[in-house]
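Observations on the three-dimensional arrangement
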Amino acid sequence: MADIDGPNAPKQFYSDVPQPSEKFFLKGSNSLDWGMQNRLSRIFNPVSGKTVMLAIDHGYFLGPTAGLERIDVNILPLIPYADTLMITRGALRTMVPPDTQKSIVLRVPGGASILRELSNEDLAVDIEDAIRLNVCAMAVQVYVGSEHEHQTILSMTRMVDMGLRYGIPTLAVTAVGKDMVRDAKYFRLATRICAELGAQYVKTYYIPEGFETVTASCPVPIVIAGGKKLPELDALKMASNAINEGAAGVDMGRNVFQSDAPIAMLQALRAIVHDDETPEKAFDLYTELKNK
Ligand code: 5RP
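Here is a short report on the structure shown in this document. (Residues numbered from 1 in each chain as written. Predicted model: local features only at pLDDT ≥ 70, side-chain atom pairs only at ≥ 80, totals over all residues. Heavy atoms only, no water.)

Side note on the overall build of the protein
- The number of helices and strands found in the protein is 13 helices and 10 strands.
- The C-alpha radius of gyration of the protein comes to 21 Å, within 12% of the 19 Å expected for a compact globule of 292 residues.
- In terms of its C-alpha atoms, the protein occupies a principal-axis envelope of roughly 75 × 50 × 40 Å.
- Counting every position in the protein, which comprises 292 residues, the buried fraction comes to 52%.
- Across the protein, contacts joining residues at least 24 apart in sequence account for 66% of those joining residues at least 6 apart.
- Summed over all atoms, the accessible surface of the protein reaches about 14,500 Å², with 52% contributed by carbon and sulfur.
- Looking at the protein, you have 29 positive and 35 negative side-chain charges, and the mean spots of the two groups are 3 Å apart. (Helix = DSSP H or I, 4+ residues; strand = E, 2+ residues; numbered from the N terminus. Rg over C-alpha atoms; globule rule 2.2 N^0.38 Å. Buried < 20%, exposed > 50% of the residue type's maximum accessible area, 1.4 Å probe, protein only. Contact = heavy atoms within 4.5 Å. Areas by Shrake-Rupley, 256 points an atom, 1.4 Å probe, with all protein chains shown as cover. Lys, Arg positive; Asp, Glu negative; His and termini not counted. Charge placed at Lys NZ, Arg CZ, Asp CG, Glu CD.)

Overview of the site of the ligand
- Of all residues adjacent to the ligand, which total 14 residues, the nearest are Asp57, His58, Arg107, Gly253 and Arg254.
- Arg107 has a polar side-chain atom sitting 2.8 Å from an oxygen atom of the ligand.
- In this structure, Arg254 approaches the ligand through a side-chain N or O atom, which is 2.7 Å from an oxygen atom.
- Within the shell around the ligand, the residues separate by chemical class into 4 nonpolar, 5 polar and 5 charged. (Near = heavy atom within 4 Å. Polar contact = N/O pair within 3.5 Å; in protein donor to acceptor, adjacent residues only side chain to side chain. Nonpolar A, V, L, I, M, F, W, Y, C, P; charged D, E, K, R; others polar.)

Overview of the packing of aromatic side chains
- Summed over all chains, the structure comprises 7 aromatic pairs.
- The interplanar angle of 75° and the centroid separation of 5.3 Å between the aromatic rings of Tyr186 and Phe187 together place this pair among those described as edge-to-face.
- Judged by relative accessible area, Phe187 falls into the buried class, the value being 0%.
- Look at Tyr206 and Phe211: their rings are 4.9 Å apart centre to centre, the planes differ by 55°, and that puts the pair in the tilted class.
- According to the relative accessible area criterion, Tyr206 is buried, its value standing at 14%. (Phe/Tyr/Trp six-rings, centres within 6.5 Å; stacked < 30°, edge-to-face > 60°.)

What about the pairing of strand S1 (residues 51-55)?
- Buried residues dominate S1, accounting for 5 of its 5 residues.
- Residues Thr51, Met53 and Ala55 line one face of S1 and the alternating positions Val52 and Leu54 line the opposite face, and both faces are buried.
- Pairing of S1 with strand S10 (residues 249-252), which is carried by 4 bridges, proceeds in the parallel orientation. Bridged to Val52 within S10 is Val250. (Pairing = 2+ DSSP bridges.)

Notes on the sheet that holds strand S8 (residues 201-204)
- Read once around its circumference, the closed barrel built from 8 strands follows the order S1-S2-S3-S6-S7-S8-S9-S10, with strand pairing classed as parallel. On average, each strand axis in the sheet is inclined to that of its neighbour by 25°, with strand direction left out of account.
- Bridge analysis of strand S9 (residues 222-225) against S10 gives 2 bridges, and the strand direction is parallel. Within the sheet, the bridge partner assigned to Ala225 lies in S10 and is Asp251.
- Where helix H2 (residues 34-43) meets the sheet, its contacts fall on S1, strand S2 (84-87), strand S3 (103-107), strand S6 (137-142) and S8, and the angle it forms with S3 comes to roughly 100°.
- Each of S6 and strand S7 (170-174) is contacted by helix H7 (residues 149-166), which is oriented at about 165° to S6, the strand it contacts most. (Axes fitted to C-alpha atoms, helices over the stretch in contact; angles between N-to-C directions.)

Considerations on a nonpolar patch on the surface
- Taken together, the side chains of Leu62, Ile114 and Leu115 make up a nonpolar region of the molecular surface, amounting to roughly 300 Å² of accessible area.
- Positionally, Leu62 belongs in helix H3 (residues 59-62). (Patch = residues over 30% accessible without salt bridge, like charges linked within 9 Å, V, L, I, M, F, W, Y side chains within 5 Å. Salt bridge = Lys/Arg side-chain N within 4 Å of Asp/Glu carboxyl O.)

As for helix H8 (residues 184-196)
- With 13 residues, H8 ought to run about 18 Å at 1.5 Å a step, and its terminal C-alpha atoms sit 18 Å apart, in line with that.
- Within H8, burial applies to Ala184, Tyr186, Phe187, Ala190, Thr191, Cys194 and Ala195. Burial along H8 is one-sided: seen end-on, the buried residues are contained in an arc of 155°. In H8, the exposed residues that point more than 90 degrees away from the buried face are Lys185 and Glu196.
- Residues of H8 that are buried in the fold lie against S6, H7, S7, S8, helix H9 (211-217) and S9.
- Looking one or two residues beyond H8, the residue adopting positive phi is Gly198, at roughly 115°. (Expected span 1.5 Å × (residues − 1). Arc of directions from axis to C-beta.)

Geometry only, nothing functional implied.
See below:
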């Protein structure tokens, strides 16, 4: 109890130095709790404010899709080049070394397969397991306008409530049913519903017309999916357009792991997302790295 017994080193309270009270760097995230902000800071780079997520969760309804036949062989070498890995708990536990320093976004719904109606899914992971796995966010698919719209929206809100209890953000993934029109009006509706119902960030598709109205009207960050495999330059152009029109990053799967040079593709994407590189220069980087 030296402090009580007598004077030690002089104390310095810096009473003339105001304690900083800075805003959190992510859109719409100021009022989130410390744990959520900390987890989001492990997904989004606090310097650029953006993220390059690698999505490898397709197997939960598609099985071993091309490029994901062997996550241990095909995907583990890519992990150092992504900011975050979006993955199911089965793939995480069986194939990703637990000493990874990468943040994990855990895919939590399940219950559907490519053979039947895809929107017929529900939460398939307990929040306790997400906590055990030390994940930085939980991803839930929302099928606005599809047969099971109601149940998937409410699955998302249940996840948001559980996430708020433990400080784990929810990423709402706007899934487009087979017959839905992919336009700005649809994505404004779907992303806004997800954000208003509490998702801390939203994943959607890029559309060439009016994407900036989707990002502007959504009060939380938006990341884009890659969708079907495109030629590399086209995928880089899509990423660049999305970033220039307000996206906070990409969450790409097939356009990375089905590329001829997935590591080079991830590095080219990083140049666009974090360094504002043009798609043409990023493609040059891709070609150079691919040919090394
Ligand atoms: C599927 C998903 C996938 O993670 C998403 O589609 C990203 O992968 P890709 O870039 O291959 O579209 O959310 O529901």
